[in-house]
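Examination of the molecular architecture
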Amino acid sequence: MTDTNDTNDITANSDTLPPLPDHLSIDPRSPHHVAAAFERDIGIRFNDVERTDVEEYCISERWIRVRSAKAKDRRGQPLLIKLKGKVEAFYR
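Residues numbered from 1 in each chain as written. Predicted model: local features only at pLDDT ≥ 70, side-chain atom pairs only at ≥ 80, totals over all residues. Heavy atoms only, no water.

Observations regarding the environment of Glu-61
Locating Glu-61 in the fold gives a position in the loop between strand 4 (54-58) and strand 5 (63-72). Accessibility expressed as a relative area gives 53% for Glu-61, which makes it exposed. A distance of 2.8 Å separates polar atoms of two side chains, one belonging to Glu-61 and the other to Trp-63. (Helix = DSSP H or I, 4+ residues; strand = E, 2+ residues; numbered from the N terminus. Buried < 20%, exposed > 50% of the residue type's maximum accessible area, 1.4 Å probe, protein only. Polar contact = N/O pair within 3.5 Å; in protein donor to acceptor, adjacent residues only side chain to side chain.)

Focus on the sheet that holds strand 2 (residues 42-46)
The strand order across the open sheet built from 3 strands is 3-2-7, with neighbouring strands paired in antiparallel fashion. Each edge of the sheet is formed by a strand with only one pairing partner; in this case those strands are strand 3 (49-51) and strand 7 (87-91). Adjacent strand axes in the sheet meet at a mean angle of 35° when their direction is disregarded. Note that strand 2 and strand 3 share 3 bridges and pair antiparallel. (Pairing = 2+ DSSP bridges. Axes fitted to C-alpha atoms, helices over the stretch in contact; angles between N-to-C directions.)

A word on the sheet that holds strand 6 (residues 78-84)
Spatially, 1-4-5-6 is the arrangement adopted by the 4 strands of the open sheet, whose pairing is antiparallel. Of all strands in the sheet, those with a lone pairing partner are strand 1 (23-25) and strand 6, marking the two edges. This sheet shows a mean twist of 25° between the axes of neighbouring strands, independent of strand direction. One ladder, built from 3 bridges, connects strand 1 with strand 4; its direction is antiparallel. Looking across to strand 4, one finds that His-23 is bridged to Cys-58.

Description of the side chain of Ser-30
Within the fold, Ser-30 resides in the loop between strand 1 and strand 2. For Ser-30, a relative accessible area of 16% translates into the label buried. Here the side chain of Ser-30 touches His-32 through a polar contact of 3.1 Å, landing on its backbone nitrogen.

Keep in mind these values describe shape, not function.
Pasting the structure below:
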């Protein structure tokens, strides 16, 4: 009987989560940064493979941005590479 209540609690908590935005960035300086979305872990599936190195995504435009290996911009920040494909965002 407690298993049924636990299941209801899980679905009740998932209903209170804010919907994930179409365009989201982890950089707090970006206009696409939404702090409320990061209260829980977010997963990104790109071309049916889960990625953990995504810095920014846009679902409607079908792209993600990931850090380059060594290249830096003039301010010392890593350059971001845009990859195009199927993008899905979800809460873990």
